[in-house]
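# Architecture at a glance
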Amino acid sequence: MPAAARAVTVTHPVGDLVVLVIGLRLLRGGGAHTPSCLMLLAGLLAMLAGDTVLTLLGDGATGIGCFLWLLTYALLGGAALHPSMRRVDEPADVRAVPTSARLVALAAASLLAPVVLLVQYQNGETRDVPLIAVACALLFLLVLGRMAGLVADQRRLAVTDALTGLATRRAFEERLRAPRRKAPFGVVLLDIDHFKRINDSFGHPAGDRVLREVAARLHAAAGPGVLLARYGGEEFALLAPGAAAPQTAALADRVRAAVGGGPVDLGDGVLRDVTVSAGTAVLPSDTTSPDELIALADRALYAAKRAGRDRAVAAGALPPEHVATITHRPAPDADEWPTPLPRRRTRLEAA
C-alpha cells in the first residue's frame, strides 16, 4: 500500500470515532430508540470497525473492510429513508450519564491511537508516527477538557444550593474569608418570619415553594455584584463588596421590601404574604473579624425579630449592652399563631 494511502488510512479511525461520538449524542434526544437512530449508530460503528480493521491488518483484510463499508452505506441509507428519521431530533428529558460510563468512553478514545502504534510495532513496521502522535495529543486534550468539565460540574454542585439555586453556606464563607483589599463590605442575614408555621400548617412542599420564591425575589432585588447564599434552613445571607453601613442598610431594606411585596403561592390555590427579618453588619466599621461580622449580623437579625419582625436592624445601631445580652437566638414566642392554620385555603392570608 502506498505511503500516502497508509497515512490516510491511519487517520480514518480517529475521524470515525469523532463522528461516532457526535452520533451518540442522539441518545439524549427523544428519538433515541427509533429505528432510524439505531441504524444510524450501527452504521457509524460499522464504519469505525471497517477503517480500524484496514488500518491494523492492511491489505490482507481488504475483503472484511469492503464488507463493513457496504454495511455502513446500507445502514446509513436505511436510516435516512425510514419514516422515523423525522423524530430523531425530538427533545427529551436530560438523563445523567453514569461517571463510570464516561470514564470508559474516555479511556477507549485515549487508547485508540497508542493501540494502532503498538500493533504496527508488533508487525515490524512503524509508520505514520507523526500522524499518530498528533492524534494522541488531540485525544488527550479532549480527555483533559472533558475531565475539566466534570471537575467544574462537581465544583458547581458543591457551591450551589439545589433547591434555590443560590450559593451554599460554604461558598459564602469562602468568599467572606477570602483575602481582600481595605474596601469595606457589608453582610446581611435574613430569616423568613414564621417559616416553621408554614411547614406545620401547609406541609414541606409549600415551604419549599416559599424558599424558592424568596430566593428569586432576593436575586431580583439585590443587584449586580452581591453574593446571595442560602445560609441555613430558612436563612439567607448577602455579601455586598464595597458597601459601607448606609449602603448595606439600604440593601437590607430593599430586599426585605421585595420579599414582602406580594403574596406567595403555596400551592392548591393558597396565597400567603411572607416577610423576612434582617440584620446587617459592616467590616471594618463594626468589626475587623469576618467571623465576628457574622455574629454581629446574627444578633442584629434577632433584635429585629424581637422588635416585631419584618424589619432590618443594623449591628452598629444596637446599644452595647443589648449586643452583649444577645448571646444566642431566642426561642419562638409561645403565643405565636396559637391555633394552627388549616392546610388548604383559597383566600389571601396575612403573615
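Quick caveat, the model's predicted, so the values are computed rather than measured. (Residues numbered from 1 in each chain as written. Predicted model: local features only at pLDDT ≥ 70, side-chain atom pairs only at ≥ 80, totals over all residues. Heavy atoms only, no water.)

### A look at the overall build of the chain
- Each helix and strand counted, the chain has eleven helices and seven strands in total.
- Split into buried and exposed, the 351 residues of the chain put 40% on the buried side.
- Residue pairs in contact within the chain that sit at least 24 positions apart in sequence constitute 71% of those at least 6 positions apart.
- Counting every atom, the chain has about 19,000 Å² of accessible surface; 63% of that belongs to carbon and sulfur. (Helix = DSSP H or I, 4+ residues; strand = E, 2+ residues; numbered from the N terminus. Buried < 20%, exposed > 50% of the residue type's maximum accessible area, 1.4 Å probe, protein only. Contact = heavy atoms within 4.5 Å. Areas by Shrake-Rupley, 256 points an atom, 1.4 Å probe, with all protein chains shown as cover.)

### A look at the packing of helix α6 (residues 169-177) against helix α10 (residues 290-306)
- Closest axis-to-axis distance for the α6/α10 pair is 9 Å, and the angle between their directions is 125 degrees. Accordingly, the angle class assigned to the pair α6 and α10 is oblique. Side by side, α6 and α10 meet where F172, L176 and R177 of the first sit next to P290, D291, L293 and I294 of the second.
- Across the contact of α6 with α10, the residue classes break down as five nonpolar, no polar and two charged. (Axes fitted to C-alpha atoms, helices over the stretch in contact; angles between N-to-C directions. Parallel < 35°, antiparallel > 145°, perpendicular 65-115°, else oblique. Nonpolar A, V, L, I, M, F, W, Y, C, P; charged D, E, K, R; others polar.)

### Focus on the sheet that holds strand β6 (residues 276-283)
- Spatially, β2-β3-β1-β6-β7 is the arrangement adopted by the five strands of the open sheet, whose pairing is mixed. Of all the strands in the sheet, the pair left with one neighbour each is β2 (227-230) and β7 (312-314). Taking the axes of each pair of neighbouring strands and ignoring which way they run, one obtains an average angle of 20 degrees across the sheet.
- Alignment of strand β1 (residues 185-192) against β6, held across eight bridges, turns out to be antiparallel. Bridge assignment links I192 to a residue of β6, and that residue is V276. (Pairing = 2+ DSSP bridges.)

### What about helix α3 (residues 62-81)?
- Here α3 spans 29 Å end to end across 20 residues, near enough to the 28 Å set by a 1.5 Å rise per residue.
- Taken together, the buried positions of α3 are G65, L68, T72, L75 and A79. End-on, the buried residues of α3 take up no more than an arc of 90 degrees, which puts them together on one face. Away from its buried face by more than 90 degrees, α3 exposes G63, F67, L70, Y73 and L81. (Expected span 1.5 Å × (residues − 1). Arc of directions from axis to C-beta.)

### Quick look at the confidence of the model for the chain
- Mean pLDDT over the chain stands at 78; residues scoring 70 or higher make up 74%.
- Of the regions scoring below 50 in pLDDT, residues 1-8 engages in eight contacts with residues more than four places distant in sequence or in other chains.
- In this model residues 323-351 is a low-confidence stretch, pLDDT under 50, and it forms 50 contacts with partners more than four residues away in sequence or in other chains. (pLDDT = per-residue confidence, 0-100.)

### Looking at the nonpolar core
- In terms of nonpolar packing, the biggest core is built from 31 residues, with L190, I192, V210, F236 and L238 touching the most fellow members.
- Elements that contribute at least two residues to this core include exactly β1, α7 (195-202), α8 (204-222), β3 (235-241), α9 (245-259), β4 (264-267) and β6.
- When residues in this core are grouped by element, the largest group, eight residues, is from α8. (Core = buried A, V, L, I, M, F, W, Y, C linked by side-chain atoms within 4.5 Å.)

### Some remarks on α6
- Every buried residue belonging to α6 is among A171, F172 and L176, and all of these are buried. In an axial view of α6, the angular spread of the buried residues amounts to 135 degrees, which keeps them on one side of the axis.
- Residues of α6 that are buried in the fold lie against α5 (129-159), β1, β2, β3 and α10.

### Focus on the packing of aromatic side chains
- Under the defined criterion, the tally for this structure stands at one aromatic pair.
- Ring plane angle 80 degrees and centroid distance 5.8 Å describe the contact between F172 and Y231, whose orientation is recorded as edge-to-face. Of this pair, F172 sits in helix α6 while Y231 sits in the loop between β2 and β3, placing them 59 residues apart in sequence.
- Look at F172 and you get buried, because its relative accessible area is 0%.
- Exposure remark for Y231: the relative accessible area of 8% places this residue in the buried category.
- One cation-aromatic arrangement involves R169 over Y231; the distance from NZ or CZ to the ring centre is 4.1 Å. (Phe/Tyr/Trp six-rings, centres within 6.5 Å; stacked < 30°, edge-to-face > 60°. Lys NZ or Arg CZ within 6 Å of the ring centre and 35° of its normal.)

### Things to note about the packing of α7 against α8
- Running from N to C, α7 and α8 point in directions that differ by 140 degrees, and their axes come no closer than 7 Å. Taken together, the axis directions place α7 and α8 in an arrangement best described as oblique. Contact residues: F195, I198, N199 and F202 in α7; H204, A206, G207, V210 and L211 in α8.
- Looking at the contact of α7 with α8 residue by residue, the classes come out as six nonpolar, three polar and no charged.

### Here we look at unusual backbone geometry
- Backbone torsion omega between L283 and P284 reads 10 degrees, so that peptide bond is classified as cis.
- Secondary-structure assignment places P284 in the loop between β6 and α10.
- Here the phi dihedral of H194 falls at roughly 60 degrees; this positive angle occurs in a residue that is not glycine.
- Topologically, H194 is positioned in the loop between β1 and α7.
- With relative accessibility at 18%, the residue H194 sits in the buried group.

### Side note on the pattern of salt bridges
- Counted by the stated rule, this structure contains twelve salt bridges.
- With a closest N to O distance of 3.4 Å, D161 and R230 form a salt bridge. Residue D161 is found in the loop between α5 and α6, and its partner R230 is found in strand β2; the two are separated by 69 residues along the sequence. As far as the burial class goes, D161 and R230 line up, both buried.
- The salt bridge partner of D291 is R177, with a shortest N-O separation of 2.5 Å. (Salt bridge = Lys/Arg side-chain N within 4 Å of Asp/Glu carboxyl O.)

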